[in-house]
Amino acid sequence: MHAPSEARRLFSLSTPQAPSVHLFQTEQGRHLLVVNGSRLFDVDAEVFEALERARLARDEASLQRQLEALGVSEAPFIDDQPVESPPVRALSLAVAQKCNLGCTYCYAQQGDFGGPARNMPLSTALEAVDLLLSDVGRGERVNLSFLGGEPLFNRSVIRAATQRAQEQARARGVSLTLSLTTNGTLLNAEDADFLEEHGFAVTVSLDGLQETHDRLRAFKGGQGSFARVMENVAPLLSRQRRMQVSARVTVTPRNLALRETLDAFVDMGFHSVGFSPMLSSPTGRDELGHAELEVMLEQMVDCGREFERRLIADQRYPFSNMVNAMREIHKGTHRPYPCGAGAGYLGVSASGELAACHRFVGDEEGAMGDLATGVDRARQARWLTERHVHRQEPCRSCWARYMCSGGCHHEVIQRGRPACDYIRGWLHYCLEAYGRLSHARPDYFGLAPTAG
């Protein structure tokens with residue numbers, strides 16, 4: 001009989017038992033996650049065993065009494081009230097609702113969002129910039145992103161909008177960050193100069209090494225795109241100083257060799273490499289089921305273990321999923337929403353409609369007004385009320401609810417929650433890794449060295 005896989009171990013250990021606590025062990029000892037506030041504590045064997053008995057018995061009253069006795073019971077950090085009329089501080093502009101690739105899983109339906117292919121007019125892009133910076137105060141931070149489709153079909157608008165945003169940001173004393181997500185097929189040397197000059201965070205969509213990438217991300221005519229992309233990305237990788245060039249891998253049942261992909265892209269010089277599971281596609285093709293998510297978790301943990309090894313050896317290993325998880329756990333991140341979608345972050349279609357995020361462009365489900373009339377505050381209020389994690393099931397009884405925050409709105413609305421076991425398993429592993437790394441490399445987290 002085969003020993004249980006690492007993924008199955010994590011599925012078992014991360015099963016929800018109590019909404020208020022989660023318990024785990026590492027080589028360094030026993031640990032308690034207090035869900036309210038995402039607070040981590042080391043506990044002794046006696047306390048751990050008492051909490052575990054109450055957790056397994058699903059005795060919430062006993063758990064609350066024990067948290068009070070430990071002095072870690074606090075008023076709720078997150079209440080039931082939705083965010084109200086948040087200011088817009090991030091916009092993604094679908095500057096080109098068209099694409100030259102034929103990815104079957106694309107949420108944008110191969111780039112045109114289910115409508116006619118079109119570019120965003122310059123006037124629309126400038127109007128979006130004005131909305132982003134209209135009420136921002138000195139010292140605040142805003143982000144302007146360019147997406148598609150493939151945004152570089154409309155590079156002149158990207159450049160003009162960037163200039164407008166930077167001029168306004170400087171005049172207002174505002175910190176502006178810029179980002180571009182591209183398939184890489186249209187990049188050129190002039191783009192590299194422009195993106196470096198303005199300090200863009202550039203994300204290149206790459207789904208594996210050549211054979212795998214070409215199978216998943218071919219041109220609409222059928223030929224592979226990997227060689228073209230890598231030739232075009234090379235000048236960016238060699239020039240990145242202010243610019244940061246990252247690789248983003250959409251994981252499907254057809255490209256689950258994550259460690260091989262990660263190591264290759266790290267060696268190529270990408271600033272960071274990250275993986276995102278395909279959970280909802282317009283056609284249903286290439287979506288991950290539970291069996292594939294188990295394989296993905298096994299692979300993610302393999303990548304995470306290598307991150308741990310490299311970090312302890314003081315070597316750079318820019319696995320962004322792990323870097324982000326360590327940062328969020330250390331901060332004690334706890335949120336009622338998984339991201340800013342529909343709140344401080346909105347997407348803008350080529351014709352000027354506002355959407356909850358870039359994935360809801362052209363989708364009435366996430367419509368949020370338009371540039372001409374502004375944010376539809378009534379629709380936004382309904383969205384923020386309905387999408388609050390306290391309104392989601394089975395989230396309300398899950399220990400991971402303030403770390404996961406209910407999952408991507410678009411994926412949940414389109415497909416539900418097929419990845420809860422995967423997400424909890426990954427978070428449990430990351431908590432274990434944080435326990436190990438905060439002991440082995442306290443300096444990485446800004447902690448004092450561990451005695452002994």
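Note that the structure is a prediction, hence the values are computed from the model and not measured.

Enquirer: An account of the overall build of the protein is requested, with residue identities and associated values reported.
Expert: Summing up its helical and strand segments, the protein has 15 helices and 14 strands in all. Its C-alpha radius of gyration of 23 Å places the protein within 12% of the 22 Å reference for a compact globule of 452 residues. The dimensions of the protein, computed from C-alpha atoms along their principal axes, are 65 × 50 × 45 Å. Put simply, the protein has 452 residues, and 53% of those count as buried. Pairs at least 24 residues apart make up 70% of the contacts formed inside the protein by residues separated by at least 6 positions. Counting only carbon and sulfur atoms, one obtains 49% of the accessible surface of the protein, whose full area is about 19,500 Å². Across the protein, the centroid of the 49 positively charged side chains sits 2 Å from that of the 55 negatively charged ones.

Enquirer: Quick one: what's the story with the packing of aromatic side chains, residue by residue and with numbers?
Expert: Counted under the stated rule, the structure contains 9 aromatic pairs. For the ring pair F265 and F270, a centre distance of 5.7 Å and an interplane angle of 65° mean the geometry is edge-to-face. Ring centres of Y444 and F445 lie 5.0 Å apart, and the angle between their planes is 90°; on these two criteria the pair is classed as edge-to-face. A relative accessible area of 33% places Y444 in the partly exposed class. Looking at F445, the relative accessible area reads 8%, which means it is buried. A network of ring pairs unites the aromatic residues F275, F319, W426 and Y429 as a single cluster. Geometry around F153 places K98 over its ring, the cationic atom sitting 5.9 Å from the centre.

Enquirer: Give me the sheet that holds strand β2 (residues 29–34): which residues, what numbers.
Expert: Taken together, 3 strands build an open sheet; the order of strands is β1-β2-β3 and the sheet is antiparallel. Either end of the sheet is taken by a strand with one partner, and the two such strands are β1 (21–26) and β3 (39–43). Strand-to-strand twist of the sheet, defined as the mean angle between neighbouring strand axes without regard to direction, takes the value 25°.

Enquirer: Describe the environment of A45, with residues and values.
Expert: Structurally, the position occupied by A45 is in helix α2 (residues 45–56). A relative accessible area of 27% means that A45 is categorised as partly exposed. When the C-alpha positions of A45 and H31 are compared, they lie 9.7 Å apart, and in sequence the two are 14 residues distant.

Enquirer: Can you break down the state of the cysteines residue by residue, with the values?
Expert: Under the defined criterion, the tally for this structure stands at 0 disulfides. C339 supplies the cysteine sulfur nearest to C357, a cysteine that is in no disulfide, at a spacing of 6.3 Å. Take C395: it sits in no disulfide, and the sulfur closest to it among the cysteines is that of C404, at 6.2 Å.

Enquirer: So what about unusual backbone geometry? Which residues, and what values?
Expert: Following G148, the chain continues to G149 via a peptide bond in cis, the omega torsion being 10°. Its place among the elements puts G149 in the loop between β6 (141–148) and α5 (155–172). The backbone of D314 shows a phi angle near 60°, a positive value even though the residue is not glycine. Its location among the elements puts D314 in the loop between α10 (290–312) and α11 (320–331).

Enquirer: Give me the lowdown on the pattern of salt bridges, citing residues and values where you can.
Expert: Inspection of every chain in the model, using the stated rule, returns 28 salt bridges. With a shortest N-O distance of 2.9 Å, E140 and R89 are connected by a salt bridge. Of this pair, E140 sits in the loop between α4 (122–133) and β6 while R89 sits in the loop between α3 (60–70) and β4 (90–97), and the two are 51 residues apart along the sequence. Judged by its relative accessible area of 30%, E140 is partly exposed. A residue is classified by how much of its surface remains accessible, and R89, at 15% relative accessible area, is buried. The closest approach of N and O atoms between E328 and R327, which form a salt bridge, is 3.6 Å. Residue R327 is classed as partly exposed on the basis of its relative accessible area of 41%. Three or more residues joined by partner-sharing salt bridges are found here, namely R259, D263, D302, E306, R309 and R310.

Enquirer: Let's hear about the packing of α10 against α11: which residues, and what values?
Expert: Viewed as axis vectors pointing N to C, α10 and α11 meet at an angle of 70°, and their least axial separation amounts to 9 Å. Here α11 runs roughly perpendicular to α10, going by the angle between their axes. As for how α10 packs across α11, the hand of that crossing is right-handed. Contacts between α10 and α11 involve M300, G304, F307 and E308 from the first element and N321, M322, V323 and M326 from the second. Its residues assigned to classes, the contact of α10 with α11 shows 5 nonpolar, 2 polar and 1 charged.

Calculation criteria
- Residues numbered from 1 in each chain as written.
- Predicted model: local features only at pLDDT ≥ 70, side-chain atom pairs only at ≥ 80, totals over all residues.
- Heavy atoms only, no water.
- Helix = DSSP H or I, 4+ residues; strand = E, 2+ residues; numbered from the N terminus.
- Rg over C-alpha atoms; globule rule 2.2 N^0.38 Å.
- Buried < 20%, exposed > 50% of the residue type's maximum accessible area, 1.4 Å probe, protein only.
- Contact = heavy atoms within 4.5 Å.
- Areas by Shrake-Rupley, 256 points an atom, 1.4 Å probe, with all protein chains shown as cover.
- Lys, Arg positive; Asp, Glu negative; His and termini not counted.
- Charge placed at Lys NZ, Arg CZ, Asp CG, Glu CD.
- Phe/Tyr/Trp six-rings, centres within 6.5 Å; stacked < 30°, edge-to-face > 60°.
- Lys NZ or Arg CZ within 6 Å of the ring centre and 35° of its normal.
- Pairing = 2+ DSSP bridges.
- Axes fitted to C-alpha atoms, helices over the stretch in contact; angles between N-to-C directions.
- Disulfide = S-S within 2.5 Å.
- Salt bridge = Lys/Arg side-chain N within 4 Å of Asp/Glu carboxyl O.
- Parallel < 35°, antiparallel > 145°, perpendicular 65-115°, else oblique.
- Left-handed = near helix turned anticlockwise from the far one by under 90°.
- Nonpolar A, V, L, I, M, F, W, Y, C, P; charged D, E, K, R; others polar.

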